[in-house]
Amino acid sequence: SRFKNLHVRISIKGASEKEFVRLTGAMSSSYSLPYKALYHLIKEGVSCNACLSISFSSPENIKKAKKRLTDIRPGLLKSLEKEHITLFPKVYKRLKTLDMMPNTYRFAGKIYKS
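Because the structure is a prediction, the values reported are computed rather than measured. (Residues numbered from 1 in each chain as written. Predicted model: local features only at pLDDT ≥ 70, side-chain atom pairs only at ≥ 80, totals over all residues. Heavy atoms only, no water.)

(A) Geometry of the state of the cysteines. In this structure the tally under the stated criterion is zero disulfides. Free of any disulfide, Cys48 has its nearest neighbouring cysteine sulfur in Cys51, separated by 13 Å. Take Cys51: its relative accessible area is 0%, and that puts it in the buried class. (Disulfide = S-S within 2.5 Å. Buried < 20%, exposed > 50% of the residue type's maximum accessible area, 1.4 Å probe, protein only.)

The following block contains the structure:
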């Protein structure tokens, strides 16, 4: 917080623990870490915002993730970035192999539903 030109962007992979594990392969308990980071950054007066990866998320899980952010600080939703995966050829091939296609994706600056 002692730096004047500091801004932190916290990326949250998936809108639930289950999505997080599927996307990252990490332990489910790690899903809470970005939320804790936001809490502590705000507590210390550091400028920050959240980015939520939602390409694989259900509307219900997105709503729950937004509620969790609101519980930390309602203003987080004003600057919330909703991130959609870009299906580059290698990414598409890898996801197809894993039978893990997104609900939404970004292509040429536009958002599409699968």
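(B) How the structure looks around the sheet that holds strand S1 (residues 7-13). Across the sheet, three strands lie side by side as S1-S2-S3; this open sheet has parallel pairing. On the outer flanks of this sheet lie S1 and strand S3 (81-83), each paired with one strand and no other. Taken over all neighbouring pairs, the strand axes of this sheet differ in orientation by 25° on average, direction set aside. Looking at chain direction, strand S2 (residues 47-53) and S3 are connected through three bridges and run parallel. Looking across to S3, one finds that Ser53 is bridged to Glu83. (Pairing = 2+ DSSP bridges. Helix = DSSP H or I, 4+ residues; strand = E, 2+ residues; numbered from the N terminus. Axes fitted to C-alpha atoms, helices over the stretch in contact; angles between N-to-C directions.)

(C) Highlighting the packing of helix H2 (residues 33-43) against helix H3 (residues 59-72). Relative orientation of the contacting elements H2 and H3 amounts to 25°, with a least axis distance of 10 Å. On the basis of the axis angle, H2 is roughly parallel to H3. With respect to the hand of their crossing, H2 and H3 are arranged in right-handed fashion. From H2, Tyr35, Leu38, Tyr39 and Ile42 reach across to H3, where they touch Ala65, Arg68, Leu69 and Ile72. Residues that form the contact of H2 with H3 fall into these classes: seven nonpolar, no polar and one charged. (Parallel < 35°, antiparallel > 145°, perpendicular 65-115°, else oblique. Left-handed = near helix turned anticlockwise from the far one by under 90°. Contact = heavy atoms within 4.5 Å. Nonpolar A, V, L, I, M, F, W, Y, C, P; charged D, E, K, R; others polar.)

Honestly, it's all geometry; don't read function into it.
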